[in-house]
Amino acid sequence: MVADDYDVIVVGAGGDGPVAAWKLADAGLSVLVLEAGPFYGNEKWPKPSEEPGGAVSSSVADLSGELLDEQFTTREFEMVNKLLFGPADHERGFWFRKFPGDGAILQCAGVGGTTLHYTGCHPRAYPASIDEQGHWPIDYADLLPYYWEIETMCEVTPAPVTAKEELFFRGAAAAGWPLLHDHNVTEPGYRPQPNAIRQPDPKLHVDAGYDGDFTYPEVQGDTLALGNIAGNPHPRGAPYEEKAKRSSNVSFVPAALATGNVSIRPNAFVTDIRTETPLGDTPSVTGVRFRDTWSGRTERVDAEVVILAAGAIETPRLWLNADLPRNEWVGRGLTIHFGDNVMGLWKADDLEERLGKGTVDQHEGQDIAARFDYPGLGMLQTVGTTPGVGAILGFGASASGFTFQNDPTDAPWDTMGRLAGPELKRLLAGYPRMLQILVVSDDRPHRRNGVTVTPGLADEHGPIPVVNYEPSEGDQKRRDELATIAADILREAGASHVHRSDSPPTALHVHSTMRMGEVLDEACEAHDVDRLFVADHSALSNGVGGANPTNTGQALAARTADKILERYF
Amino acid sequence: MYDEQLRRLNRWIGTVLRGAASALELLADLVSGTEDVELHTVVTFRAIVDAVVPETPELDPELGPAHVPGGLAIGLEDFVVTYVDDGFQFGLPYLGPRGNIPLADPIAQILDIAALTLLDQGDATGELDDDRPVSLLAPGEASPRAVRTAAGPFSKLSRRDRLRAIGLLDELELELSQFEGELFEFDGGLVGQLVVGFTEMIYYSEWQGYDEFTQPPSERVHPNDPAAVQSWRQTGYPGFSDGYAALRGYLGDDDGPLGAGDVWTTIDDDQESPVRIVREPGSFRENDYETSDYEEPFPE
């Protein structure tokens, strides 16, 4: 059962909420975490997509690796549908969010949030994006102790090399870029991903002749099966906490539950933030109201402090739907790392020469294990995908129509646009010999971009988020420059055909809609509501330079927890 | 014709949102000349699948017979209809049994509008052909006359023109936004996502291998056999695995702590300190950093 009141309520058990919950509970506070989606791998919910299950989980003993193995099948279509943002009940569709044009927003529901299908990439922000771009009210140096704390908890290390990373590194080196060794990146170059995935068992080396099972305890750590986007339960047979990918449900949730001070209530969609205004000026938060997504019943819970950690779309939506003061930056300043895909296809002979085999085999190894950094522009990363995800990510959408409608004669790519028909089938026949590069640009916060709500457009939790995003000219140029570098790296690596998607704006990384410095003060407490804090990627003041945001979001959430302790407990 | 179609569509959407008892019945009532609404939707979704993942005899000489069959050979269109009807919900019970909003019929209607717009603009490369929708059904499945009557202009376009019509829907979104309710102002883009992006994803995923995907997750069975999925035979994807002995090592050179030990291969010989793949994992350097010389490559 959920009690009537707690010291702290955390709204959202995604990438960042569990970090704050863990820190505060570790300091002795009672914490309730409310999560809109299901709790996978928990004995209180043996069939989380089919039955309402238990009420709340407060013990680390509830966590079950066996159940996670059963529920996370790694079958791509099934898992994408399971993890995307919607109610636990498998018979009900996704929660609909409006995005302009033919782009999309990627959000996950469930304990672990979008880290359930993130690829473990855990680099830091580029220092210049915090210290030199003028958006942040704090210094990069203020984050460093928290990066260390998060990286230790998530076991961040340089990712291993399989064939596809070797191919990319060969291309990047041949294109003249240097190898980077550093956590704090200030110059362009290539390096292995700092990944929150345990390194693979050494017996999985290609020369070691291993032909046994890939299950625990025979194999420990990463098993080099592609599967992070599909949840990654590997190694199968391992206890919940021994899973290789340190998504927040594996890294921070067990630590939070182990304090004995945290209760996690899944299937609980928070619909209102309650406040009182005793002195007649600034309102002060008193609790929240949430709705059970199975029964439809609503409940009220009180707390001394409320932390919004529902993500950069849902946090401003909740604020806008609650009776709270309107700050002109609430919901605004959205950055999404305005992205693109550039794909290379190789001939078998050219691969043989570079890799000693005629295939790339993108399905082997970690999904994203090699990267190229360019502070000021953003980043590139190799992406191994299963064919269905690869098709929708790389070929299913474009801002410039179908390939047959474009003439790329003078462009650095051979084809550009959306692929369908014989062209699609021909290209995907080369799946074993192709590699995609994800272009991730350092787009900047603009007030026109962000989340609004419209009274007429509502679901059972109130008006839905309407998301607007229009890249600036600078954003376009940064992305074009990165796409050109990607094409060059692929050519240098020997690709015989290069394809650019020219993707429509698609929000894979979503941040900066409740910006620190605008909506929030330097402790991430709301300027306009006392005791209301934000601890998710919406609090980031910009898109951290284009680096994957999870590490920085978590570091900031850890810092916010410390600030809450200083101010109120 | 185009305006009239838009008006009908808008009335349909508005009525669904106000709580119509049966959207299908209503649509049947509204769309004159369309005797069998279900057949219209069936034909339209076949036309979608036939354009997005077609049968491709032309790939046989180049890639082999395994690359000939397309989505229609495995009943993809049936599942795409189910998927778009069950895929999104507003939690409003009158929209369907689980609050899911049935989208297949309005999508089929929107595609006809897109087809008419393409023709209107003179951007279609061929004429409408009444025999195209007929050829999408198996002999005996429905009478050719019924198919010709039920089929909309989208299914009468060539494959390429169907794709062009889908591509027009971003422009259409502006027009739709002028209507009351505004719920469907965004749907032009959503249609393309669903009928191209998701159709491709479903086709190339493991979907075909299930006995029945709509079963509860705990009861779904999948053989995970590369031979059991047509698209896996076409991509060479070997099925899902618990792991691979594919480790080559770690990137490293003599200048930093990234990796160490025996050299497996060299990546870059040109450097003073060659970049190699080595056996032992290392760590990133906790470096001092200096940003005062940062310059914006493309200032805002």
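Residues numbered from 1 in each chain as written. Chains lettered and ligands numbered in written order. Predicted model: local features only at pLDDT ≥ 70, side-chain atom pairs only at ≥ 80, totals over all residues. Heavy atoms only, no water.

By the naming in an unreviewed UniProt entry, chain A goes by Choline dehydrogenase-like flavoprotein and is assigned to Haloplanus aerogenes. Regarding chain A, the UniProt comment filed under Sequence similarities (unreviewed entry) reads as follows: "Belongs to the GMC oxidoreductase family." (UniProt positions renumbered as here; feature names shortened; annotations may be inferred.)

Before going further, it helps to spend a moment on the overall build of chain B. Helix and strand content of chain B: 13 helices and four strands. Counting only residues that meet the buried cut, chain B has 54% of its 300 residues in that class. Counting contacts in chain B only where the partners sit at least 6 residues apart, residues at least 24 apart contribute 58% of the total. Taken as a whole, chain B presents about 13000 Å² of accessible surface, with 47% of it coming from carbon and sulfur. (Helix = DSSP H or I, 4+ residues; strand = E, 2+ residues; numbered from the N terminus. Buried < 20%, exposed > 50% of the residue type's maximum accessible area, 1.4 Å probe, protein only. Contact = heavy atoms within 4.5 Å. Areas by Shrake-Rupley, 256 points an atom, 1.4 Å probe, with all protein chains shown as cover.)

What follows is about the overall build of chain A. A tally of helices and strands in chain A yields 13 helices and 21 strands. Here the C-alpha radius of gyration of chain A, 23 Å, is about what a compact globule of 569 residues would show, namely 25 Å. Burial statistics for chain A: of 569 residues in total, 70% are counted as buried. In chain A, of all internal contacts separated by at least 6 residues, the share reaching a separation of at least 24 is 73%. The positive charge centre, built from 48 side chains, and the negative charge centre, built from 81, are 4 Å apart in chain A. (Rg over C-alpha atoms; globule rule 2.2 N^0.38 Å. Lys, Arg positive; Asp, Glu negative; His and termini not counted. Charge placed at Lys NZ, Arg CZ, Asp CG, Glu CD.)

Residue and element names in this part refer to chain A. Within the open sheet, the seven strands sit side by side as β6-β13-β14-β16-β12-β19-β15. Their pairing is mixed. The strands lining the two open edges of the sheet, one partner per strand, are β6 (189-192) and β15 (415-416). For strand β12 (residues 339-345) and strand β19 (residues 497-500), the ladder comprises four bridges, and the chain directions are antiparallel. For M343, the partnering residue across the bridge sits in β19 and is H499. (Pairing = 2+ DSSP bridges.)

All names here are of chain A. All told, the structure shown has 29 aromatic pairs over all chains when counted by the stated rule. Where W22 meets F252, the ring centres are 5.6 Å apart and the plane angle is 50°; that geometry is what we call tilted. With a gap of 230 residues between them, W22 in helix α1 (residues 17-26) and F252 in helix α7 (residues 248-258) connect regions that are remote in the sequence. Residue W22 is classed as buried on the basis of its relative accessible area of 11%. One residue, R515, lies across the ring of W329, its end atom 4.8 Å from the ring centre. (Phe/Tyr/Trp six-rings, centres within 6.5 Å; stacked < 30°, edge-to-face > 60°. Lys NZ or Arg CZ within 6 Å of the ring centre and 35° of its normal.)

This next bit is on the sheet that holds strand β4 (residues 275-281) of chain B. Two strands in a sheet stick together by hydrogen bonds in their backbones, pointing the same way (parallel) or opposite ways (antiparallel). Taken in spatial order, the three strands line up as β2-β4-β3 (chain B) in an open sheet, and their pairing is antiparallel. Both outer strands of the open sheet, β2 (250-252) and β3 (259-268) of chain B, are each paired with one neighbouring strand and no more. Recorded for the sheet is a direction-independent mean angle of 40° between the axes of neighbouring strands. Where β2 of chain B and β4 of chain B come together, three bridges link them in antiparallel fashion. Bridge pairing in β4 of chain B links Y250 of chain B to V278 of chain B. Here helix α6 (residues 163-174) of chain A sits on the sheet in contact with β2, β3 and β4 of chain B, set at roughly 60° to β3 of chain B. (Axes fitted to C-alpha atoms, helices over the stretch in contact; angles between N-to-C directions.)

Under the present numbering, the feature "domain: Glucose-methanol-choline oxidoreductase N-terminal" (unreviewed entry) in UniProt falls on residues 241-337 of chain A. Along residues 241-337 of chain A, the helical share is 20% and the strand share 34%, with 31 Å between the first and last C-alpha atoms.

Here the focus is the interface of chain B and chain A. Listed by partner, the interface residues are 105 residues for chain B and 119 residues for chain A. When chain B packs against chain A, close to 9600 Å² is buried across both sides, 61% of that on carbon and sulfur atoms. D207 of chain A is paired through a salt bridge with R279 of chain B; the nearest N and O atoms lie 3.4 Å apart. At the boundary of chain B with chain A, the tally comes to 49 residue pairs in polar contact (both at pLDDT 80 or more). For the side of chain B that touches chain A, the class distribution of residues is 49 nonpolar, 31 polar and 25 charged. The pairing of strand β3 (residues 94-95) of chain A with strand β1 (residues 88-89) of chain B spans two bridges and is parallel. Looking at β1 of chain B, one finds that W95 of chain A is bridged to Q89 of chain B. (Buried area = accessible area lost by both parts, 1.4 Å probe. Salt bridge = Lys/Arg side-chain N within 4 Å of Asp/Glu carboxyl O. Polar contact = N/O pair within 3.5 Å; in protein donor to acceptor, adjacent residues only side chain to side chain. Nonpolar A, V, L, I, M, F, W, Y, C, P; charged D, E, K, R; others polar.)

Now for helix α3 (residues 76-83) of chain A. The buried fraction of α3 of chain A amounts to eight of the eight residues, a majority that puts the element mostly inside the structure. Those residues of α3 of chain A lying buried are E76, F77, E78, M79, V80, N81, K82 and L83 of chain A.

It is worth spelling out the side chain of H67 of chain B at this point. For H67 of chain B, the position within the fold is in the loop between α4 (60-63) and α5 (76-86). The exposure class of H67 of chain B is buried, given its relative accessible area of 10%. In this structure, H67 of chain B is in contact with K425 and A429 of chain A together with T56, L59 and Q234 of chain B, ignoring residues within four places of it in sequence.

Our focus in this paragraph is the pairing of β19 of chain A. Where β15 of chain A lies against β19 of chain A, two bridges are found, and the strand directions are parallel. Residue T415 of chain A lies in a different strand from β19 of chain A, and its bridge partner there is H499 of chain A.

Core analysis: the biggest nonpolar cluster contains 103 residues, and V31, I307 and L532 of chain A have the highest contact counts within it. When residues in this core are grouped by element, the largest group, seven residues, is from helix α5 (residues 140-154) of chain A. (Core = buried A, V, L, I, M, F, W, Y, C linked by side-chain atoms within 4.5 Å.)

The next subject is the pattern of salt bridges. All names here are of chain A. Applying the stated criterion across every chain yields a total of 56 salt bridges over all chains. Between E304 and R531 there is a salt bridge whose closest N-O contact spans 3.8 Å. One end of the pair, E304, is in strand β11 (residues 298-308); the other, R531, is in the loop between β20 (506-507) and β21 (532-534), with 227 residues separating them in the sequence. Judged by its relative accessible area of 23%, R531 falls in the partly exposed class.

Once that is clear, we can look at the pairing of β11 of chain A. Side chains on a regular strand alternate between the two faces of the sheet. Residues and elements named next belong to chain A. The pairing of strand β1 (residues 5-11) with β11 spans six bridges and is parallel. Counterpart to V11 in the pairing with β11 is L308. Strand direction decides the pairing type here: strand β10 (residues 284-292) and β11, joined by five bridges, are antiparallel. In the sheet register, G287 faces β11, and the bridge partner there is D302.

Time to look at unusual backbone geometry. Residue and element names in this part refer to chain A. With an omega of 5°, the peptide bond running from Y216 to P217 counts as cis. Along the polypeptide, P217 turns up in the loop between β7 (194-195) and α7. A cis amide bond links H234 to the next residue, P235, at an omega of -5°. Turning to its location among the elements, P235 is positioned in the loop between β7 and α7. Here the phi dihedral of V544 falls at roughly 50°; this positive angle occurs in a residue that is not glycine. Along the chain, V544 turns up in the loop between β21 and α13 (550-568). Assessed through its relative accessible area of 0%, V544 is described here as buried.

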